[in-house]
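Structural description and commentary
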Amino acid sequence: MAHFTKATSVKDWLNQRLAIEKVEKVMASEYWIPKNINFLWAMGMILAITFALLLVSGIFLLMYYQPHVDFAFDSVNYTIMREVDFGWLWRHVHGVAASVVFLVIYIHMFTGIYYGSYKKGREMIWISGMLLFVTFSAEAFSGYMLPWGQMSYWAGMVITNIFSLGDLHLDGLVEWIRGDYVPAQAFLTRFFMLHVLLLPLAIMGLIGLHFAALRIPHVNNQDGEEIDFEAESKKYLDGDKAGSKVMRFGNDFLSKDMMVVGVFLIFFFYLVFYNYSFALDPVNFDPADMLKTPAHIYPEWYFLWSYEILRPFSVNIGLIAFGFAQVIFVLLPWLDRSPNVAPANRRGAFSIWFWLLLIDMIVLTAMGKLPPEGIFSTIGLVAALGFIILWVALPFITMNEKKV
Amino acid sequence: MKNKEPLILVVVVAFTLLTYWLVEPFAHSQMHKHVESEDFAYADLPAITKTGNAANGKELAMGAGGCTGCHSITKEGIPAGMDAVTAAGVYGVNPPDLSDAGVVYDAKFLADLIKNPAHALKVEHKFDAAKGQMHPMVAFYGAGGDIDQEVADMVAYLQSIAVSKDELTPAMAFENACGRCHAMKYENWTQLGEKPEFKFEKESLAYDIQVLEYQESLTKYMGKLPPDLSMYIRSRGEHFLSTFIENPQAHLAGTAMPRVGVTADAAEKVIEHMADAGDTKRDERASVGTNVMWYILIFAIFAFLWKRSVWRELH
């Protein structure tokens, strides 16, 4: 056992047992952040705050929600919204955060792509981030089922049908996932478990991994500059704060994080109180009715782009395209063959590729919601093909990129 | 180096708003047709040209007009001829009590309803007299005098006994105009009225059976059981509800839902009642919202000041 001396203060007492000074150094005061980064680097903190909001509001909702096909809808719309004090607030916080978290994830992802933050040395950051994205998607989908509204039910039907994998007709697999021939009690109960236990645990683990992945390669910066963190941090500690290229995470960058979080929360609570319905599909306020199909079935906005990659093709081709869209982002660090870690605007053809991808995904998102008729289905098909072509072309575009 | 952050913010916000606009306003405009309000003018119905006399109207309603053969007027001590469940068995739906009809429904609508029910209710596609499909409400063919005068008298009578516009509560408007076909379980409302508290489960179940029997007749009459309206304020929204109440055919051609002919004021109250059921905390939301926004704004200001003080040494 270590040698313990009589503590001189509470901090010292804790320090001897928990090494809190060391933790503080590793986590904050000697966690070095490059100085030339902008507010887009605060998206990680916004995500952490939003996840905390989701977790806390979710725990309050969990106290009153009933995972039963006969009571789920009323437990949300009557008990939580009417009977429970401030139940409406927790629900709106949860509902709005669930949607906003994806907006911020997409901004975070595209920031990484724009500045090349996934490249050599930082692959694990990218991969753990993509795993987080996939887990968040499953979390969002399983949560969407729980109020057992009309769109919950039919989205559950459509999405689980995908697992029959077209002509492979794996109907047994679909039934195994649902626990029944159609979404019913078994389906609701297992999605409830996934949403409140298994997936949040996985997310928390992955957040840990995502942070750990940053420790060695450090955060990228606006210029993709390779910084000598040892030398620069020494400069900082020696008192040359202004001359050093790095700063502490706490409280230097943290103060900027908090400023951005402040602005974000204004936007967030504006939505919660004055525009909460932006995130809650009105169709989902009709109770699930297995005998009546809604006029249009579409997923939440953040899944629309990948839904639209599935839709314009015949069943089998669509599934292959869909599978391609799900995994291709993970491979980005290897598909981008360029040696440059630099913002897209300095990388020639890659810059065009970046903006095309962004616009293509917005077009896919729009077409994914619109009814697949006439001009919309044509645009959807072109955009889906465009998505695939862009990714296939990426290695060729970046192969001959000149060193900048 | 020039500070690019404002530009970056503009780009992020612009793409976010574009995406929002595409998946919300634009997509919804493509998926649902927009129906403009007709301002509850009922412009397609003939104007009332005569000045009604309430005393004559009362005589007609009780006598030659035949209203009380099917309708109760509880305010005048006239009970219903049969209970609601039996009435629904006979007519498909329980005929409404007329006590407050004069304030809930538009005068022009009432006049046309008395003379030509299927036309006023816009259900001629279901009740075509030529094909022998009679509307359960029997049209009034006149009591021997000037029919327009007689109708005007009856409308005047209904208006004379109804509560004033200010006394009409949202719940009353809803019960009168919607409550015989639509349940609203979040307000404990069944098609038979508010479900009472029962001491014994046996009695509660007996009541439920009555409701089910009523619903069975109603389902036969309407083609399907009209939906529970508890959450309609959120699943449909105010604009849809208002224009749908005004003219269901404009949204859903061929629907069995009749045009109920409410006045603009009554429609507003019906919608308020629906908000009372499905959005009870709207006032609390507004007041809490204001406080939270102030709090967050002050938080953001302090965060900005903190950042400035920390970063002063970094540059």
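Per chain, residue numbering runs from 1 following the sequence as it is written. Following the order in which they are written, the chains are lettered starting with A and the ligands numbered starting with 1. Local features in a predicted model are, by the rule used here, given only for residues with pLDDT of at least 70; side-chain atom pairs are given and counted only at 80 or more, and totals for whole chains, interfaces and linings are based on all residues. With hydrogens and water set aside, each side-chain value is computed from the structure's full complement of heavy atoms.

Topic: unusual backbone geometry
Excluding glycine, residues mostly carry a negative phi; peptide bonds, for their part, are mostly trans. Which entries qualify depends on this criterion: The way it works is that DSSP assigns letters per residue, a run of H or I at least four long becomes a helix, a run of E at least two long becomes a strand, and they are numbered from the N terminus. A 1.4 Å probe rolled over the protein chains alone gives each residue an accessible area, and that area as a share of the maximum for its type sets the label: buried under 20%, exposed over 50%, partly exposed in between.
Cis geometry is adopted by the peptide bond preceding A:Asn251, which originates at A:Gly250 and carries an omega value of -5 degrees. Of note, the phi angle at A:Trp148 is positive, near 55 degrees, even though the residue is not glycine. Tracing the sequence through the fold places A:Trp148 in the loop between α6 (123-145) and α7 (150-161). For A:Trp148, a relative accessible area of 7% puts it in the buried group. Phi is positive for B:Lys122, close to 55 degrees, though the residue is something other than glycine. Structurally, B:Lys122 is set in the loop between α6 (117-120) and α7 (147-161).

Overview of the UniProt feature "transmembrane region" (unreviewed entry) in chain B
Residues and elements named next belong to chain B. Quick note on the threshold: UniProt positions are given in the numbering used here, feature names are shortened, and annotations may be inferred rather than shown by experiment.
Per the UniProt record, "transmembrane region" (unreviewed entry) is annotated on residues 6-23 and 288-306. Its end C-alpha atoms 26 Å apart, residues 6-23 is made of 100% helix and 0% strand. Secondary structure within residues 288-306 divides into 100% helix and 0% strand; the distance between the first and last C-alpha atoms comes to 27 Å.

A few points about the domain arrangement of chain B
Heads up, the rule is: Where each domain starts and ends follows an automatic or database-derived domain assignment.
Looking at chain B, the domain boundaries give domain 1 (1-31), domain 2 (32-280) and domain 3 (283-315). Taking only C-alpha atoms into account, the centre of domain 1 of chain B sits 47 Å from that of domain 2 of chain B.

Regarding the UniProt feature "domain: Cytochrome b/b6 C-terminal region profile" (unreviewed entry) in chain A
This chain's UniProt record puts "domain: Cytochrome b/b6 C-terminal region profile" (unreviewed entry) on residues 239-404 of chain A. Its end C-alpha atoms 33 Å apart, residues 239-404 of chain A is made of 59% helix and 2% strand.

Side note on the interface of chain A and chain B
The criterion, for reference: Whether two residues touch is decided by their heavy atoms; if any such pair falls within 4.5 Å, the residues are in contact. The term buried area means the drop in 1.4 Å probe accessible area that two parts suffer when joined, counted for both and summed. The working definition used for a salt bridge is a side-chain nitrogen of Lys or Arg within 4 Å of a carboxyl oxygen of Asp or Glu. Polar here means any residue other than Ala, Val, Leu, Ile, Met, Phe, Trp, Tyr, Cys and Pro, which are nonpolar, and Asp, Glu, Lys and Arg, which are charged; Gly is therefore polar.
Counting residues at the interface gives 60 residues for chain A, matched by 54 residues for chain B. In this assembly, chain A packs against chain B so that about 5,100 Å² is buried in total across both faces, 69% of it on carbon and sulfur atoms. The interface formed by chain A and chain B holds 6 salt bridges in total. Put simply, B:Arg236 and A:Asp286 hold a salt bridge, and the shortest N to O gap is 2.8 Å. Going through the elements one at a time, α4 (72-83), α5 (87-115), α11 (249-274) and α15 (349-369) of chain A are the ones with two or more residues in the side of chain A that touches chain B. Sort the elements by how many residues they give to the side of chain A that touches chain B and α11(A) lands first, with 16 residues. Residues belonging to the side of chain A that touches chain B are distributed by class as follows: 41 nonpolar, 11 polar and 8 charged.

A short note on the side chain of A:Asp252
How we decide: Under the counting rule used here, the positive set is Lys and Arg, the negative set is Asp and Glu, and His together with the chain ends is not counted. For the purposes of these results, a polar contact is taken to be a pair of N or O atoms within 3.5 Å, where, inside protein, one atom must be able to donate a hydrogen and its partner to accept one; residues adjacent in sequence count only when each atom of the pair is a side-chain atom.
Of note, A:Asp252 is situated in helix α11. Of the buried charged residues, A:Asp252 lacks a salt bridge, with A:Arg248 as the closest side chain of opposite charge at 4.7 Å. Of note is the side chain of A:Asp252, whose polar atom sits 2.5 Å from the side chain of A:Tyr236. Separated by 3.1 Å, the side chain of A:Asp252 and the backbone nitrogen of A:Arg248 make a polar contact. For A:Asp252, the residues in contact, after removing those within four places along its chain, are A:Tyr236, A:Met247, B:Val310, B:Trp311 and B:Leu314.

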